[in-house]
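# Residue-level structural notes
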Amino acid sequence: MKIEAVDLFCGAGGLTAGLLRAGIKVKAGYDIDAACAYAYEYNNKGAKFILQDVETVTGDQIQAHYSKDAVRLLAGCAPCQPFSTYNQGRDVRNDKKWPLLYAFSRLIHEVQPELVTMENVPDVVKHEVYQDFVNNLKQQGYQVWAEKVLCADYGVPQSRRRHVLLASRIGNIQMVPPTHSNCHVTVRQAIGHLPPLAAGKQDTIDVLHRCSSMSARNLERIRASRPGGTWMDWPEDLRAACHRKKKGQSYKRIYGRMEWDKPAPTMTTLCIGFGNGRFGHPEQDRAISLREAALFQSFPLDYQFTQETDTPIRQISRMIGNAVPVLLGEAIGNSFKLLV
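As a starting point, this report considers the structure included with it.

Thresholds, definitions, all that
Residues numbered from 1 in each chain as written. Predicted model: local features only at pLDDT ≥ 70, side-chain atom pairs only at ≥ 80, totals over all residues. Heavy atoms only, no water. Pairing = 2+ DSSP bridges. Helix = DSSP H or I, 4+ residues; strand = E, 2+ residues; numbered from the N terminus. Axes fitted to C-alpha atoms, helices over the stretch in contact; angles between N-to-C directions. Contact = heavy atoms within 4.5 Å. Core = buried A, V, L, I, M, F, W, Y, C linked by side-chain atoms within 4.5 Å. Buried < 20%, exposed > 50% of the residue type's maximum accessible area, 1.4 Å probe, protein only. Salt bridge = Lys/Arg side-chain N within 4 Å of Asp/Glu carboxyl O. Parallel < 35°, antiparallel > 145°, perpendicular 65-115°, else oblique. Left-handed = near helix turned anticlockwise from the far one by under 90°. Nonpolar A, V, L, I, M, F, W, Y, C, P; charged D, E, K, R; others polar.

Next up on the list: the sheet that holds strand 7 (residues 161–168). Spatially, the 7 strands line up as an open sheet ordered 3-2-1-4-5-7-6, and their pairing is mixed. Strands at the two margins of the open sheet, each flanked by one partner only, are strand 3 (48–51) and strand 6 (143–150). With strand direction ignored, the average angle separating the axes of adjacent strands in the sheet is 15°. Two strands pair when backbone bridges link them, and strand 1 (residues 3–8) and strand 4 (residues 71–76) are joined in this way by 6 bridges, in the parallel orientation. In the strand pairing of strand 4, valine 6 is matched with leucine 74. Strands in contact with helix 1 (residues 14–21) are strand 1, strand 2 (25–31) and strand 4; relative to strand 2, the strand with the most contacts, it is inclined by about 175°. Together, strand 1, strand 4 and strand 5 (115–120) form the strand contacts of helix 4 (residues 100–111), whose direction differs from that of strand 4 by roughly 170°.

Encoded structure:
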């Protein structure tokens, strides 16, 4: 039996690329971000990008992608912003992304695929929409495995933690055992081979190896930063006004350099900014480049995100930060492959 997949909220194709690596044929990906179309189709041959809001997609549309004899996998990694720690305590019920898990649940009910997977931030489990999602799966006869996963345990060079759900109607399902729990891939192993780069510059060969420019003030700050340190290592005159406030003193993960011999921190949509987290290069005076961010998300070195040389750096950063790490997607795919 062969597994075929449809990837909802597919973005630039991180999960699709991982499933393909596991030998699962991905027929299509749905997303509302037209900027992702090139990356999705160029890098994931045979998978068609469909620009459509998942809330408007019908079960018949999804079913049409599968072959008659296929074991059908429906994957959906809904945008995580409403469920993130950043939004805890805020009323996000009016966020347009909030109902997307319900849309995913509706499509599962209409299609009745043999296999289902979803991935999100760990705090998704605190929300009623997630509990409804799981209960609906169980009521339809799915066996469900759902746990928090450290991506570094599966070879992703990043200390990213995600909640992964696997569901099956054809047998017991669980995540494959970690492959790297005792040997996490480090920053050095992931990006140490790339050529040096100055702030605001681009490599002459790899156009994705480019990074944001930095103000004179932030150049002073990063030169005063040490790998694994915080802005508290700086001279007093370099500290921002917010750092002097009691509340600001708790935000020690911003304006930091990575450490060579540890995994990178969690990549975000703003990971190319020095002031947005511990996104400073371990020794070069700059924030990480787009290519480095992609490698931390375990995208292959030749993965292309745009065919335009002038695509805004933040547009590509958003695609990379929103992606499911490719190697996590491969582990998810391998988990399903054990069933068939």
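Core analysis: the biggest nonpolar cluster contains 62 residues, and Met175, Met267, Phe296, Phe305 and Phe336 have the highest contact counts within it. Ranked by residues supplied to this core, first place goes to helix 10 (residues 326–337) with 6 residues. Excluding residues within four positions of it along the chain, phenylalanine 336 makes contact with Ile3, Ile24, Leu73, Leu115, Val116, Thr117, Leu166, Ala167 and Ile173. If you look at the next biggest cluster of nonpolar residues, it comprises 30 residues, including Ala28, Ala103, Phe104 and Leu107.

What follows deals with the pairing of strand 5. Of all the 6 residues making up strand 5, 6 are buried; the element is thus mostly covered by neighbouring parts of the structure. Here strand 5 shows two buried faces, one formed by Leu115, Thr117 and Glu119 and the other by Val116, Met118 and Asn120. The pairing of strand 4 with strand 5 spans 3 bridges and is classified as parallel. Residue pairing for strand 5: leucine 73 is matched across the bridge by leucine 115. Judged from the 6 bridges that link them, strand 5 and strand 7 form a sheet pairing that is antiparallel. Opposite glutamate 119, over in strand 7, you have valine 164 as the bridge partner.

Another point: the environment of alanine 64. Inspection of the secondary structure puts alanine 64 in the loop between helix 3 (59–63) and strand 4. Classification of alanine 64 by relative accessible area gives exposed; the value is 63%. Put simply, alanine 64 and glycine 155 are 91 residues apart on the chain and 34 Å apart in space, counted from C-alpha to C-alpha.

Applying the stated criterion across every chain yields a total of 18 salt bridges. Here arginine 286 and glutamate 292 are joined by a salt bridge, their closest N and O atoms 2.9 Å apart. By relative accessible area, glutamate 292 is classed as buried at 0%. The network of salt bridges with common partners includes Lys2, Glu4, Lys27 and Asp69.

A word on the packing of helix 4 against helix 5 (residues 128–139). Closest axis-to-axis distance for the helix 4/helix 5 pair is 9 Å, and the angle between their directions is 10°. Compared by their axis directions, helix 4 and helix 5 come out roughly parallel. Facing helix 4, whose interface residues are Leu101, Tyr102, Phe104, Ser105 and Ile108, helix 5 presents Glu128, Val129, Tyr130, Asp132, Phe133, Asn136 and Leu137.

Two elements in contact, helix 1 and helix 10, have axes separated by 7 Å at closest approach and are oriented at 50°. Taken together, the axis directions place helix 1 and helix 10 in an arrangement best described as oblique. For the pair helix 1 and helix 10, the crossing hand works out as right-handed. Along the contact surface, helix 1 presents Gly14, Leu15, Ala17, Gly18, Leu19 and Arg21, while helix 10 presents Val326, Leu327, Gly329, Glu330, Ile332 and Gly333. For the contact of helix 1 with helix 10, a count of residues per class yields 6 nonpolar, 4 polar and 2 charged.

A positive phi is found at phenylalanine 9, a non-glycine position, where the angle reads about 55°. Relative to the helices and strands, phenylalanine 9 is located in the loop between strand 1 and helix 1. In this structure, tyrosine 255 is a non-glycine residue whose phi angle is positive, near 55°. Counting through the fold element by element, tyrosine 255 comes out in the loop between helix 7 (216–223) and helix 8 (290–296).

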